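Topology and contacts: notes
Chain residues, written in single-letter form:
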There are 4 protein chains.
Amino acid sequence: MDLVEIEQKLKAAVKDSEFLKKEGEVASYIPELENVDKDNFGMALTTVKGQTLAFGDEKIKFSIQSISKVINLIMALEDFGPEKVFSKVGTEATAYKFNSLIPIDEKVVNPFINAGAITTASLIKGGDVEERFNRVLAKVRELSGSEDVIFLEEVYNSEMKTTDRNRSIAYYLKSKEIIEGDSEEILDLYVRNCSIGLNVRQLSEIGGVLANGGRSLKDGRQLIDKNVVKTTLSLMSTCGMYEESGRYSIEVGFPSKSGVGGAIIGIVPGKCGVCTYSPRLDKFGNSVRGKKVLAEISETLNLNMFIGGNNGNF
Amino acid sequence: MDLVEIEQKLKAAVKDSEFLKKEGEVASYIPELENVDKDNFGMALTTVKGQTLAFGDEKIKFSIQSISKVINLIMALEDFGPEKVFSKVGTEATAYKFNSLIPIDEKVVNPFINAGAITTASLIKGGDVEERFNRVLAKVRELSGSEDVIFLEEVYNSEMKTTDRNRSIAYYLKSKEIIEGDSEEILDLYVRNCSIGLNVRQLSEIGGVLANGGRSLKDGRQLIDKNVVKTTLSLMSTCGMYEESGRYSIEVGFPSKSGVGGAIIGIVPGKCGVCTYSPRLDKFGNSVRGKKVLAEISETLNLNMFIGGNNGNF
Amino acid sequence: MDLVEIEQKLKAAVKDSEFLKKEGEVASYIPELENVDKDNFGMALTTVKGQTLAFGDEKIKFSIQSISKVINLIMALEDFGPEKVFSKVGTEATAYKFNSLIPIDEKVVNPFINAGAITTASLIKGGDVEERFNRVLAKVRELSGSEDVIFLEEVYNSEMKTTDRNRSIAYYLKSKEIIEGDSEEILDLYVRNCSIGLNVRQLSEIGGVLANGGRSLKDGRQLIDKNVVKTTLSLMSTCGMYEESGRYSIEVGFPSKSGVGGAIIGIVPGKCGVCTYSPRLDKFGNSVRGKKVLAEISETLNLNMFIGGNNGNF
Amino acid sequence: MDLVEIEQKLKAAVKDSEFLKKEGEVASYIPELENVDKDNFGMALTTVKGQTLAFGDEKIKFSIQSISKVINLIMALEDFGPEKVFSKVGTEATAYKFNSLIPIDEKVVNPFINAGAITTASLIKGGDVEERFNRVLAKVRELSGSEDVIFLEEVYNSEMKTTDRNRSIAYYLKSKEIIEGDSEEILDLYVRNCSIGLNVRQLSEIGGVLANGGRSLKDGRQLIDKNVVKTTLSLMSTCGMYEESGRYSIEVGFPSKSGVGGAIIGIVPGKCGVCTYSPRLDKFGNSVRGKKVLAEISETLNLNMFIGGNNGNF
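What you are looking at is a predicted structure, and each value in this text was computed from that prediction instead of being measured.

Here the focus is the overall build of chain A. Secondary structure assignment for chain A yields eleven helices and eight strands. When burial is assessed residue by residue, chain A has 68% of its 314 residues classed as buried. For chain A, the accessible area works out to roughly 10,800 Å², and carbon and sulfur atoms hold 45% of it. Side-chain charges in chain A split into 39 positive and 44 negative, and the spacing between the mean points of these groups amounts to 3 Å.

Residue and element names in this part refer to chain A. Of all six residues that make up strand β8 (residues 272–277), six are buried, and the element is covered over most of its length. Residues Cys-272, Val-274 and Thr-276 of β8 are buried on one face, and the alternating residues Gly-273, Cys-275 and Tyr-277, pointing to the opposite face, are buried as well. Bridge count between strand β1 (residues 42–47) and β8: six bridges; the pairing is antiparallel. Note that in β8 the partner of Thr-47 across the bridge is Cys-272. Taken together, the six bridges between strand β7 (residues 263–268) and β8 define a ladder with antiparallel strand orientation. When the sheet's bridge partners are listed, Ile-267 is paired in β8 with Gly-273. In this antiparallel pair of consecutive strands, β7 and β8, the connection spans three residues, and Gly-270 shows a positive phi of 80 degrees.

What follows concerns the UniProt feature "binding site: substrate" (unreviewed entry) in chain A. Residue and element names in this part refer to chain A. As recorded in UniProt, the feature "binding site: substrate" (unreviewed entry) lies at Ser-66, Asn-114, Glu-159, Asn-166, Tyr-190, Tyr-242 and Val-260. Here Asn-114 lies in helix α3 (residues 114–121). Classification of Asn-114 as buried rests on a relative accessible area of 5%. If we skip the residues at most four places from it in the chain, Asn-114 touches Lys-69, Phe-98, Asn-99, Asn-166, Ile-169 and Tyr-190. Counting through the fold element by element, Asn-166 comes out in helix α6 (residues 164–175). Ignoring any residue separated from it by four or fewer positions in sequence, one finds Asn-166 in contact with Asn-114, Ile-118, Glu-159, Leu-187 and Tyr-190.

With that settled, the discussion passes to the pairing of strand β2 (residues 52–56) of chain C. For β2(C), the tally of buried residues reaches four of five residues, placing the bulk of the element in the interior. Between strand β1 (residues 42–47) of chain C and β2(C), which pair antiparallel one after the other, the connecting turn spans four residues, and Gly50(C) there sits at a positive phi close to 95 degrees.

To continue, consider the environment of Leu217(A). All names here are of chain A. Topologically, Leu-217 is positioned in the loop between α8 (200–211) and α9 (226–239). Along the backbone, Leu-217 and Ser-28 are 189 residues apart, and their C-alpha atoms lie at a distance of 36 Å. Not counting the four nearest positions on each side in its chain, Leu-217 is found in contact with Thr-46, Thr-47, Val-48, Gly-50, Glu-205, Gly-208, Val-209 and Asn-212.

Residue and element names in this part refer to chain B. Running from amino to carboxyl end, helix α2 (residues 68–88) crosses helix α9 (residues 226–239) at an angle of 110 degrees, the nearest separation of the two axes being 10 Å. The orientation of α2 with respect to α9, classified from their angle, is roughly perpendicular. Seen from above, α2 lies across α9 with right-handed handedness. Along its contact with α2, which presents Val-70, Leu-73, Ile-74, Leu-77, Glu-78 and Phe-86, the element α9 presents Val-228, Thr-231, Thr-232, Leu-235 and Met-236.

On to helix α2 (residues 68–88) of chain A. All names here are of chain A. For α2, with 21 residues, the first-to-last C-alpha span of 18 Å runs short of the 30 Å given by 1.5 Å per residue. Most pronounced at Gly-81, the bend in α2 amounts to some 115 degrees, and the proline Pro-82 follows within four residues. Among the 21 residues of α2, 15 are classified as buried, and the element is accordingly described as predominantly covered.

A separate point is the side chain of Ser122(D). All names here are of chain D. Turning to its location among the elements, Ser-122 is positioned in the loop between α3 (114–121) and α4 (129–144). On the basis of relative accessible area, Ser-122 is assigned to the buried category, the value being 18%. The contact partners of Ser-122, leaving out residues within four places of it in the chain, are Ile-179 and Ile-186.

Chain A makes no contact with chain C; the smallest distance between any of their C-alpha atoms is 17 Å. Chain D makes no contact with chain B, the minimum C-alpha separation between the two being 17 Å.

Right, let's talk about the relation of the copies chain D and chain A for a bit. Least-squares fitting of chain D to chain A yields an RMSD of 0.0 Å, with the transformation described by 0.0 Å of translation along the axis and a rotation of 180 degrees. Given the turn and translation reported, the copies of this chain are related as if by a two-fold rotation axis. When each C-alpha of chain D is compared by its distance to the rotation axis, Ser168(D) comes out closest, at 2.0 Å.

Now for the interface of chain A and chain B. The interface of chain A with chain B comprises 31 residues on the first partner and 31 residues on the second. Taken over both partners, the interface formed by chain A and chain B buries close to 2,900 Å², and the fraction arising from carbon and sulfur atoms is 59%. Area buried by chain A at its contact with chain B is led by Lys230(A), Ile250(A) and Phe306(A), which between them contribute 24% of it. For Glu299(B), the salt bridge identified is with Lys230(A), shortest N-O distance 3.9 Å.

What follows deals with the interface of chain D and chain A. Counting from both sides, the interface comprises eleven residues of chain D and, opposite them, eleven residues of chain A. Summed over both sides, the interface between chain D and chain A buries roughly 1,100 Å², with carbon and sulfur atoms accounting for 64% of that surface. In terms of surface lost to chain A, no three residues of chain D exceed Asp164(D), Arg165(D) and Tyr171(D), which account for 43% of the buried area on that side. Summed over the shared surface of chain D and chain A, the number is zero salt bridges. At the boundary of chain D with chain A, the tally comes to three residue pairs in polar contact (both at pLDDT 80 or more). Split by residue class, the side of chain D that touches chain A holds four nonpolar, two polar and five charged.

With that out of the way, let us pick up the relation of the copies chain A and chain B. With an RMSD of 0.0 Å, the operation that places chain A on chain B is a rotation of 180 degrees combined with a shift of 0.0 Å along the axis. Most of the interface of chain A is mirrored in chain B, where 100% of its interface residues again form contacts.

Rules of the game
Residues numbered from 1 in each chain as written. Chains lettered and ligands numbered in written order. Predicted model: local features only at pLDDT ≥ 70, side-chain atom pairs only at ≥ 80, totals over all residues. Heavy atoms only, no water. Helix = DSSP H or I, 4+ residues; strand = E, 2+ residues; numbered from the N terminus. Buried < 20%, exposed > 50% of the residue type's maximum accessible area, 1.4 Å probe, protein only. Areas by Shrake-Rupley, 256 points an atom, 1.4 Å probe, with all protein chains shown as cover. Lys, Arg positive; Asp, Glu negative; His and termini not counted. Charge placed at Lys NZ, Arg CZ, Asp CG, Glu CD. Pairing = 2+ DSSP bridges. UniProt positions renumbered as here; feature names shortened; annotations may be inferred. Contact = heavy atoms within 4.5 Å. Axes fitted to C-alpha atoms, helices over the stretch in contact; angles between N-to-C directions. Parallel < 35°, antiparallel > 145°, perpendicular 65-115°, else oblique. Left-handed = near helix turned anticlockwise from the far one by under 90°. Expected span 1.5 Å × (residues − 1). Bend = angle between axes of the 7 residues up to and from the residue. Least-squares fit on C-alpha atoms with pLDDT ≥ 70 in both. Buried area = accessible area lost by both parts, 1.4 Å probe. Salt bridge = Lys/Arg side-chain N within 4 Å of Asp/Glu carboxyl O. Polar contact = N/O pair within 3.5 Å; in protein donor to acceptor, adjacent residues only side chain to side chain. Nonpolar A, V, L, I, M, F, W, Y, C, P; charged D, E, K, R; others polar.

Below, the structure written as structure tokens:
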């Protein structure tokens, strides 16, 4: 399939989803997140050959929110290896909400609920919080191939003021000896990571690198270890969309991760990364319109991993 | 990759897993299941082009057990459609054991725990139990391309005598109005389906059809609706290996389903079906040696869906 | 306090609760239970000196339903002793509903949810079901001091037809090896015990015996072992009113047990037994008007165990 | 029964329990709690007539720990009334551990797990923490009839350093809007209340007041509202001994509350308060030897509420 055809299908999906423009609610538990134009919509797709197509509000920067959980996991795996990481977080989906403390026992059930991502944040190496966060920011910039990834300080400040639940989780993890070190610092890093700001084009580029087995789209350099990519995509596939991960997998059929900022990143291994941004969420915290667009292009561009009719490259 | 190369990799995997020959325990809760040679090992792989390679105890027939849950789901979806089916069973993984009654609320959490498969069995059309079971048998014969699929009556009788838990589940589902009709009959059909006997070659052929988007490997005829295939494989990917579905997905990376008879069926969409048989199980009820072999060939034959480096056909 | 005064207080409570005459719903899951006059109200009080006061529909016989759980427990304790009994059922309250299977692990959480009472029913000695049931009937007749305790066959037949949940529980208990013997027979005995029919006067006499430390109100003979009484009343106090046992204890303050037939039996140790009958139930399955009357007389007759101002006999 | 006889029975119980002197472990999660003589044993009994008998290490002051939950509840009920209090904490026992966050939903399951007592602490009126704590201290001094109730600053400091779990709970309650106000301040008050130091004689006097319906043992003045007493004793009876409240009620049979400092307070309504101190705990956090002594005197002094044979005053 050539780029022109892909472009047509994407445009069709965007158009077909317009009726959902007003569906769902913007996340309100972080006050600053409400200060966006709720009707915005942007999307981008990056092939493993390095071509990017972008549409709509493609330049608007949004906070990455829970998509940072993917970055936390990648960095924890690179910094400490799977044995250590999976002694602290498990690998199984859960029926509990993303901010629940129940699926925390000897370890946290998986790295994509808040408790799991606070735990992986605790496994990112570095000196003080500032230094560790700078490593994260550098990683995101490298993966997105863009220096213009920013720290959204207002979002960070807003979230820090209202983050009672995450603070509760951090101290709980500390009391269970799942995290070591200072709970307040780990929470601080976790919230900073959530407050990273970028646009759909940049996020789609990160998806492209993951689709490409961790290799740079520019020079083929291995930016993320191949086993880390494999592990990360598998977990996105089984646990990436909260309590509806199974349902989403049926409808869309490739590894994805959503954030309450309104973005969804999807990865079609060997083919492309894709990103949508639309801030209105369903009750699980997933973007309503984003899901619809991804389900449609999964069909029209034949991206569902479970139907192998067309497994050649685009 | 040509067949000779594939054969070499499979043989290597079988050999590399020999050290696990005595690891794990044969399922004991169905007495008849213990009457097998515990050290048996067989495997087969069927490409979407219809070529089958088989090794070891390839002619031994074993009971399909929980792999029948895949058949139940396919037939329920074909007989009643996804809307009806998913009003009775959900789509999400669970941390509870396969025989638990806890993840039953308005609906059963997913179709691959016992309660879910008893529910899908209740959605297989037909007159009396005999007639409905004959439909199931005919389906399995058609998918495996072989008439020599049998009913293991001793296994059935043995299980019926000891199936207190499944009987409890059936009456529970009835009391919750999740199943309609006669609980004893539905239980009877469920246990019969578990008692279907076939060998690795036949099961691998079924896998091949699923890998081929539901089309016959002989004549390309659509044996299973494409959307049913997509749904089934997605659910196998997220819930197929009980409480270690996530972990297994990381290690093997393609949709699979295990049975306590010792078999595992795996499907690599667009490429092949694969089946192992080795009766010793881990604590989750998954075949110890089967898992090891599948993990190795996932690596050596590049079958992991999440690494898209080689997405061409074999 | 003399009998005249007691009579006045009881009459006042009955009158004060008239406004609740139409509140609540009659249990519908056993169809036969709906064939009663929903507005009936009767009550009786029996002092440890053997005097009984009765009011309202005192002659109407109703099915004992869950109050039989008290009898099951007493007989199991007498037949097998506390060590055996409490190896099968625990002693702690639960937040789960009376027909839940969740609070069944190594043992059933307590003897007053259905699963617990099916378990204690399995610990009542005797030959076949008939013989065991006759022992239960004889016990109830002895405790109530009346031969006119009957078996309500229509209620029994009605319940047997609709008892899917209890059948599920029985097979579950069997699969967990908590009950031994034939699940269907044990279920049969359990349902028969629920179908015992008596009136408020007879039930209040049973309460009087329990209040009297297990000694006959007529001749002082020990009808129930004192330690069995102590254990039974303590469990009624902590678990007797389902998920609102704690709340009820605050409001009424003496050991009680309700049945979905509409009766509540209460025991004030050293003072009296009391019984109300009013078939409209709250969402927990406890009689609405019964609870109100018992709360009022607890206050006016100073029956609350936790306020020791008047601990003398009546 | 006269005092001489009571004294003999108490002495016998102390002696009979000596074999448990080395059984159980001192609480270690608050380091300072380990700095006690583990073999200490003291006890006291105070009749509603105001007579106190004390034995053993009766002068040693220990931290009240979870027995402060009784004080928190009493003060919250007095300050805000039952409607407000029970909109925040429930009235039912739980199978979860005292430091669990699971039994927190719309409200905390009961006031005697940590989450419940942090909630009732938040309902104690006053200005800053200092002022509110001074009110608590004044209350304990008034109830114990002694000014020599102290604040154990080392225990407080030790607990504040290690109280990650309780801090987690406090922020969780805040995130669920169960507590209002500053989480750190409420936690501070909760820990201070746990660090109140007194001896068995003083605690037994408090028990005596509760046994006396809230009236002073000296001048009969109502120190606690009678309804507050009734509610508090009922809750102690159903939830006072953590996950073994039901079992304890069978064995001892009167409302009690334990603390991990090693004390147990028991109240026999209309008769007496009683207190034991012995720092070695069972796995639930209840004093091993204390429980044994209380079970024995319940028998020998006929204190079990559920056996009404002797309901006269001592």
